[in-house]
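Listed below are the residues making up each chain.
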Amino acid sequence: MDDGQPAPEPGEPTPADDGSAIPEPLARIRWDNRFVDALPVDPSTEVRPRQVTGALSSRVRPVRPSAPVLVAHAREVADELGLAAELWTDHRDLMARVLTGDVVLPGMDPSAANYGGHQFGNWAGQLGDGRAIALGELVTPGGGRQTLQLKGAGPTPYSRGADGFAVLRSSVREFLCSEAMHHLGIPTTRALSLAVTGDKVVRDMFYDGNPRPEPGAIVCRVSPSFIRFGSFQLPASRQDDELLAALADFTIEEYFAEIAGEHPAGTPERYAAFFTEVARTTLAMVLGWMRVGFVHGVMNTDNLSIHGVTIDYGPYGWLEGFDPGWTPNTTDATHRRYRYGQQPQVAHWNLLQLANALVPLVGATEPLQEAIEGYGSDLQWDERRIWREKVGLGLVDDAAAADELVTELFQLLVSTETDMTIFFRCLSDVVRLADGPGDDPAGSGDGGDDASLVAPLTDAYYDEVGAGEVAATTADWLRRHRALAATDGRPAGERAAAMDRVNPRYVLRNYLAQLAIDAAEGDDFTEVERLLEVLRRPYDDQPGNERYAAKRPEWARERPGCSQLSCSS
Ligand code: AMP
Ligand code: MG
């Protein structure tokens, strides 16, 4: 790029695109921007909204922010990327500038990706990165590549009518949730950093005619690539088989090495095996969501990664009361297409759309159909297994009896508002008590009266349960659960410990994220830091942090941001 800067002296690192000197630990980072180097790029760099054909990305420089400040970063992500600790202390201002696009480092090649998608079940045509700009692909110390992408760095040819920026509240939510999901063991894009730009961004949060200026912010997201289901759908919808094949070949060779090794290039088997693998990882991801009560909120096909990682944290939410019909997304309030209980079926539907896009490459529908059916049968099997594990019945021989108890439990949980996270976590306390003094370790004892049996679960109920019908039914369920659990031959303590490994104590409760946002909007980021720290160990009991595991306070029930979110961010 000819930017009018004087050439550096030999041996000196090339400066950034504004002439800033680059400290050694940053200058040492290598970039290998395969997505733009190996695949067709839009010849135009014009930023106005337009259709881009024959290309998978457009080069675009991030807009320079007025006063970038780095407010948080995830140290594990920085470590994995080889971004040395001193960069975040001694060179913090420069990092803020790099991670907001104020300066572009040599080796980076910023671009916005071109993709399409089905939104809420309807084909939407070209969408693309309207508010995300990939800086480049960083070569990690391990020799892998990770794409660093700024979300909210200004308009691109894909911004359509919108501005390309992001506000602080949605950026805090994306930053925290990416990391929370990772530490829960659920595949996800990561969040390297959260920075404020110093600029205001106007948003009408609920599309109700009340726009207000909000602080602008940028999250730097990290993923091997940001290729989505919709990346394949767009060229397929345009009958651009050449571009479709180029993308598929690239994706398989770069990211599905095992498949590339097994099936020769260009063969239908290779594309079919690729699809089967995407179906497998997508299922694992969605079942991860189900296990912890996460609701993505906008499972459009442009928001599903081909790596099977959770992507695009927008109007997501976490179940408080267990309710399969719940969605946090007000934009989806009427049909609740993306409600909690529907997510595995929506992923199935989305996979079907990806399969349709791949038909020209496979040349037949059967292998794709087979993979889709495989998803359906694996779903049934794996979903049941996860719920059995959640209730500590993962190792009993009579899986059918365990499944029946789980089905009964679902009915119980919806019969009175019951906090999902607390209930499952406290269920292991009930299990532990089966080892208690004076009880029959074989599990045939009845564990005492209803009230004492249900007592460890009290915190999970939003209403007083007392000695009423719910308590009686729950106690009855617990007695039968205890009897069946005992048939696995494990000591109760061991069973309870296994339950604690799949039932988190801490999740990013909707109201906790909102409290962190409220403070952040007043320039106080300590709550963001504290939450990040707590969410690093979601399965551990953390003495002193009990308040982060508490159920939603009543004030948060209907408060915007806590229970209702829109796509506007
Ligand atoms: P989403 O479903 O929220 O991931 O976004 C759907 C589409 O709208 C994508 O193409 C986004 O890039 C685009 N989009 C969302 N918000 C903005 C924004 N503030 N500016 C430009 N494009 C946006
Ligand atoms: Mg999106």
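Just above sits the structure.
Computed from a predicted model, the values in this text were never measured in an experiment.

Undergrad: So what's going on with the overall build of the chain? Residues and values would help.
TA: Secondary structure summary: the chain contains 18 helices and 12 strands in total. Counting only C-alpha atoms and orienting by the principal axes, one finds that the chain spans roughly 85 × 55 × 50 Å. Counting over 569 residues, the chain shows a buried share of 56%. When contacts within the chain are restricted to residue pairs at least 6 apart in sequence, those whose partners lie at least 24 apart make up 73%. Of the roughly 22300 Å² of accessible surface on the chain, a fraction of 51% belongs to carbon and sulfur atoms.

Undergrad: Run through the packing of aromatic side chains, naming residues and quoting values.
TA: Counting across every chain of the model gives 17 aromatic pairs. With a centroid separation of 6.2 Å and an interplanar angle of 75 degrees, the aromatic rings of Phe250 and Tyr255 are classed as edge-to-face. As far as the burial class goes, Phe250 and Tyr255 line up, both buried. Their ring planes at 90 degrees and their centres at 6.0 Å tell us that Tyr511 and Trp555 sit as a pair that is edge-to-face. Residue Tyr511 is located in helix H17 (residues 510-521), and its partner Trp555 is located in the segment after helix H18 (526-535); the two are separated by 44 residues in the primary sequence. For Trp555, a relative accessible area of 44% corresponds to the partly exposed category. The structure contains a cluster of three or more aromatic residues connected by ring pairs, namely Phe322, Tyr340, Trp387, Phe410, Phe423 and Phe424. One residue, Arg388, lies across the ring of Trp381, its end atom 5.8 Å from the ring centre. The cationic tip of Arg552 hangs over the ring face of Tyr462; the distance from NZ or CZ to the ring centre is 4.5 Å.

Undergrad: How would you explain the pattern of salt bridges if you had to name every residue and give the values?
TA: Any two side chains of opposite charge can pair, given that their charged atoms come close. According to the stated counting rule, one finds 49 salt bridges in the structure shown. Across the pair Arg61 and Asp17 runs a salt bridge whose closest N-O atoms are separated by 3.0 Å. Of this pair, Arg61 sits in the loop between strand S2 (57-59) and strand S3 (69-73) while Asp17 sits in the segment before helix H1 (24-27), and the two are 44 residues apart along the sequence. The closest approach of N and O atoms between Asp419 and Arg509, which form a salt bridge, is 2.8 Å. Separated by 90 residues along the polypeptide, Asp419 in the loop between helix H12 (399-415) and helix H13 (420-433) and Arg509 in the loop between helix H16 (492-500) and H17 bring together distant segments of the chain. Each of Asp129, Lys151, Glu174, Arg221, Arg228 and Asp312 takes part in a single network of salt bridges with overlapping partners.

Undergrad: Provide a residue-level description of unusual backbone geometry, including the pertinent values.
TA: At Asp312, a position not held by glycine, the phi torsion is positive, near 65 degrees. Its location among the elements puts Asp312 in the loop between strand S11 (294-295) and strand S12 (317-318). Here the phi dihedral of Arg336 falls at roughly 45 degrees; this positive angle occurs in a residue that is not glycine. Within the secondary structure, Arg336 sits in the loop between S12 and helix H10 (343-362). Overall, Arg336 belongs to the partly exposed group, its relative accessible area being 35%.

Undergrad: Which residues make up the environment of Thr197, and what values go with them?
TA: Its place among the elements puts Thr197 in strand S9 (residues 190-203). On a C-alpha basis, the gap between Thr197 and Asp241 in space is 41 Å, while along the polypeptide they are 44 residues apart. Once residues lying within four places of it in the same chain are set aside, the contact partners of Thr197 are Pro65, Ser66, Ala67, Pro68, Gly216, Ala217 and Ile218.

Undergrad: Report on the pairing of strand S7 (residues 132-139), specifying residues and quantitative values.
TA: Summarising burial for S7: eight of the eight residues are buried, a large majority. Examined bridge by bridge, strand S1 (residues 30-31) and S7 share two bridges and lie antiparallel to one another. The partner of Arg30 across the bridge, within S7, is Val139. Sheet analysis places S7 next to strand S8 (residues 145-151), joined by seven bridges and oriented antiparallel. Each residue of the ladder has a partner; that of Ile133, found in S8, is Leu150. Remark: five residues form the turn of the hairpin made by S7 and S8, two consecutive strands paired antiparallel; Gly143 in that turn has positive phi of roughly 95 degrees.

Undergrad: Would you mind going over the coordination of the magnesium ion (ligand 2) in detail, with residue names and values included?
TA: For the magnesium ion (ligand 2), the full set of protein donor atoms is Asn303 (OD1) and Asp312 (OD), and the range of their distances to it is 1.9 to 2.2 Å. On the basis of relative accessible area, Asp312 is assigned to the buried category, the value being 12%.

Undergrad: Could you give me a rundown of the environment of Tyr255, with the residues and numbers involved?
TA: Turning to its location among the elements, Tyr255 is positioned in helix H7 (residues 241-255). For the pair Tyr255 and Ala549, spaced 294 residues apart in sequence, the C-alpha separation works out to 38 Å. With near-sequence residues (within four places) excluded, Tyr255 lies in contact with Glu137, Arg145, Pro224, Ser225, Ile227, Phe250 and His307. Polar contacts involving the side chain of Tyr255 include one to the main-chain carbonyl oxygen of Pro224, which spans 3.4 Å.

Undergrad: Can you lay out the site of ligand 1 for me, pointing to particular residues and giving the numbers?
TA: Around ligand 1 lies a shell of 16 residues, among which Gly128, Gly130, Arg131, Arg160 and Gly164 are the nearest. Between Gly128 and ligand 1, the recorded distance is 2.6 Å, taken from a backbone N or O atom to an oxygen atom. Contact between ligand 1 and Phe165: a nitrogen atom at 3.3 Å from a main-chain N or O atom of the residue. In the complex, the protein chains occlude 86% of the 480 Å² of accessible area that ligand 1 would expose alone. Its residues assigned to classes, the shell around ligand 1 comprises three nonpolar, six polar and seven charged. Among the domains, domain 1 (14-226) and domain 2 (242-389) are the pair contributing at least three residues each to the shell around ligand 1.

Undergrad: Any details on the nonpolar core? Residues and values, ideally.
TA: Core analysis: the largest hydrophobic core is formed by 132 residues, its most contacted members being Phe232, Trp318 and Leu508. Tallying contributions element by element places helix H9 (residues 268-292) first for this core, with 13 residues.

Undergrad: Tell me about H18, and please be specific about residues and values.
TA: For H18, the full list of buried residues reads Glu527, Val528, Leu531, Leu532, Val534 and Leu535. Axial view of H18: buried residues confined to an arc of 165 degrees, hence all on one face. Buried positions along H18 lie against S3, helix H5 (168-184), S9 and H17.

Undergrad: I'd like a rundown of the side chain of Asp419, residues and numbers included.
TA: Accessibility expressed as a relative area gives 0% for Asp419, which makes it buried. In terms of polar contacts, Asp419 uses its side chain to reach the backbone amide nitrogen of Ile422, at 3.0 Å. Setting aside anything within four residues of it in sequence, one finds Asp419 in contact with Glu320, Gly321, Ala460, Tyr462, Arg509 and Lys551.

Undergrad: An account of the packing of H10 against helix H11 (residues 366-390) is needed here, citing residue identities and associated values.
TA: Helices that pack against each other are described as a pair by the angle of their axes relative to one another and the distance between those axes. Relative to each other, H10 and H11 sit at 160 degrees, their axes nearing to 9 Å. The orientation of H10 relative to H11 falls into the category roughly antiparallel. Judged by the twist between their axes, the crossing of H10 over H11 is right-handed. Two secondary-structure elements touch here, H10 through Pro344, Gln345, Ala347, His348, Leu351, Leu352, Ala355, Leu358, Val359 and Val362 and H11 through Pro367, Leu368, Ile372, Tyr375, Gly376, Leu379 and Glu383. For the contact of H10 with H11, a count of residues per class yields 13 nonpolar, three polar and one charged.

Scoring rules and cut-offs
- Residues numbered from 1 in each chain as written.
- Chains lettered and ligands numbered in written order.
- Predicted model: local features only at pLDDT ≥ 70, side-chain atom pairs only at ≥ 80, totals over all residues.
- Heavy atoms only, no water.
- Helix = DSSP H or I, 4+ residues; strand = E, 2+ residues; numbered from the N terminus.
- Buried < 20%, exposed > 50% of the residue type's maximum accessible area, 1.4 Å probe, protein only.
- Contact = heavy atoms within 4.5 Å.
- Areas by Shrake-Rupley, 256 points an atom, 1.4 Å probe, with all protein chains shown as cover.
- Phe/Tyr/Trp six-rings, centres within 6.5 Å; stacked < 30°, edge-to-face > 60°.
- Lys NZ or Arg CZ within 6 Å of the ring centre and 35° of its normal.
- Salt bridge = Lys/Arg side-chain N within 4 Å of Asp/Glu carboxyl O.
- Pairing = 2+ DSSP bridges.
- Donors = N, O, S within 2.8 Å, 3.2 Å for Na, K, Ca; no water.
- Polar contact = N/O pair within 3.5 Å; in protein donor to acceptor, adjacent residues only side chain to side chain.
- Near = heavy atom within 4 Å.
- Nonpolar A, V, L, I, M, F, W, Y, C, P; charged D, E, K, R; others polar.
- Domains from an automatic or database assignment.
- Core = buried A, V, L, I, M, F, W, Y, C linked by side-chain atoms within 4.5 Å.
- Arc of directions from axis to C-beta.
- Axes fitted to C-alpha atoms, helices over the stretch in contact; angles between N-to-C directions.
- Parallel < 35°, antiparallel > 145°, perpendicular 65-115°, else oblique.
- Left-handed = near helix turned anticlockwise from the far one by under 90°.

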